[in-house]
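Residue-level structural notes
Here's the letter readout for the chains.
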Amino acid sequence: MDAAEAALPERVTPDLLALEARWASLAAYGVAAALLADVLPIGEAVNASAIGNDVMRVAERLEAELGPEQAMFASGCQAEWNEMPIPGPPVTIGIDGGYVRSWTDRPANFEVIVGKSVPEEGPVRRFGFGTGHDEKPKRRLHELLVSQGIAMNQEVTSMSDGGDSVRDLQLYMRPNADHVLDYFHIAMRITVLQQMARGLPPPLSTAAPAIIEVLESVRRYLWHGNFRRALSLVEDLDDGLELLDDPSPEVRKLRRHLGEFSGYITNNAGFIPNYAERRRYGEAVSTAFVESTVNQVIAKRFAKKQQMQWTPRGVHLLMQLRTRVLDGILDSDFKRWRNERRSPPNEAKMAA
């Protein structure tokens, strides 16, 4: 019996499983079933429900092969690190989040994390996992870097929106990792604050231009990495609004968002570099390159024009297949499973 068949004991050949996994990761289960019935002589043997069960089992086997989670993966003393080969060119990792319709808590959504690892040399790799569901996010990212040939002493720049769900993942990824808060998310938050200022009712509307200019100064200070001065301006602005008697709902809303923005910058202060300097040296300042990955991995399969609701487990497992299909490496998993069938006889022959 084939190793893949042993792990997936239903009456489905490995070749058909590979097709199901590929097509179901790219299109709805019903579409994949119709396509299989149209191009293969299988009649009505395969339906959407059967394909869903099959691909979940394939994804579960991939998950079972993932090693145990660790707090961090660096090991060895400084002397051992000094003897390591000269590392390759740097790699940039972008991490972003997206939302999927929930089946268990309708009509709410739940968050999933998606990322892309882009080395200067070598293949690009995508990854994704369900927030709160995945028990091995650090292991998952570590193995992805290993698959790209990224050494432990290689320079890594990790960029994210600074959310709580990814901060811990970033910090223990690599000893030589540089963690950068995505400037795009900073700029968008400031833009929202400026729009709120424009919507202030009279007579405070006359002060709106001054408030907008202060927020523009906050943007400039953050662009040059001076988060302390930026936070000071935000605090002064909030103090001024606090002095108003009987503030309007618009003012209370603006103050609430100023407080949230201040907390956001404070929590991610260690991830705020001099973006202007990074730009001068041609280094990334935002996760714009990950936006297409969010669309590829999440939106096209789980959100856009899709009415289906999902469980965290279902999305997490299907994302493992989808990212591997997009990276072009799922076929190698099935080839490896076939080769595992031949290993035991060879080992027995060598032992004899």
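Located above this text is the structure these notes cover.
Because the structure is predicted, anything quoted here is derived from the model rather than measured.

1. Regarding the overall build of the chain
A count of helical and extended segments in the chain gives 15 helices and five strands. Out of the 352 residues belonging to the chain, those deemed buried represent 45%. Residue pairs in contact within the chain that sit at least 24 positions apart in sequence constitute 67% of those at least 6 positions apart.

2. Observations concerning helix H10 (residues 227–242)
Its 16 residues give H10 an end-to-end C-alpha distance of 22 Å, which sits within 8% of 22 Å, the value for a rise of 1.5 Å per residue. When we look at burial in H10, the residues that qualify are Phe227, Ala230, Leu231, Leu233, Val234, Leu237, Asp238 and Leu241. Down the axis of H10, the smallest arc covering the buried residues is 160 degrees, so these residues share one side. Lining the buried residues of H10 we find helix H9 (208–223) and helix H11 (249–267).

3. Side note on unusual backbone geometry
A cis amide bond links Pro202 with the next residue in sequence, Pro203, at an omega value of 0 degrees. Looking at the secondary structure, you find Pro203 in the loop between helix H8 (183–198) and H9.

4. Observations concerning the environment of Val58
Here Val58 shows up in helix H4 (residues 48–65). Overall, the relative accessible area of 0% leaves Val58 in the buried class. Taking the C-alpha atoms as reference points, Val58 and Gln320, separated by 262 residues in sequence, lie 9.7 Å from one another.

5. A closer look at a negative patch on the surface
Together, Glu235, Asp236, Asp239 and Glu242 make up a region of like negative charge exposed at the surface. Mapped onto the secondary structure, Glu235 falls in helix H10.

What counts, and at which threshold
Residues numbered from 1 in each chain as written. Predicted model: local features only at pLDDT ≥ 70, side-chain atom pairs only at ≥ 80, totals over all residues. Heavy atoms only, no water. Helix = DSSP H or I, 4+ residues; strand = E, 2+ residues; numbered from the N terminus. Buried < 20%, exposed > 50% of the residue type's maximum accessible area, 1.4 Å probe, protein only. Contact = heavy atoms within 4.5 Å. Expected span 1.5 Å × (residues − 1). Arc of directions from axis to C-beta. Patch = residues over 30% accessible without salt bridge, like charges linked within 9 Å, V, L, I, M, F, W, Y side chains within 5 Å. Areas by Shrake-Rupley, 256 points an atom, 1.4 Å probe, with all protein chains shown as cover. Salt bridge = Lys/Arg side-chain N within 4 Å of Asp/Glu carboxyl O. Lys, Arg positive; Asp, Glu negative; His and termini not counted. Charge placed at Lys NZ, Arg CZ, Asp CG, Glu CD.

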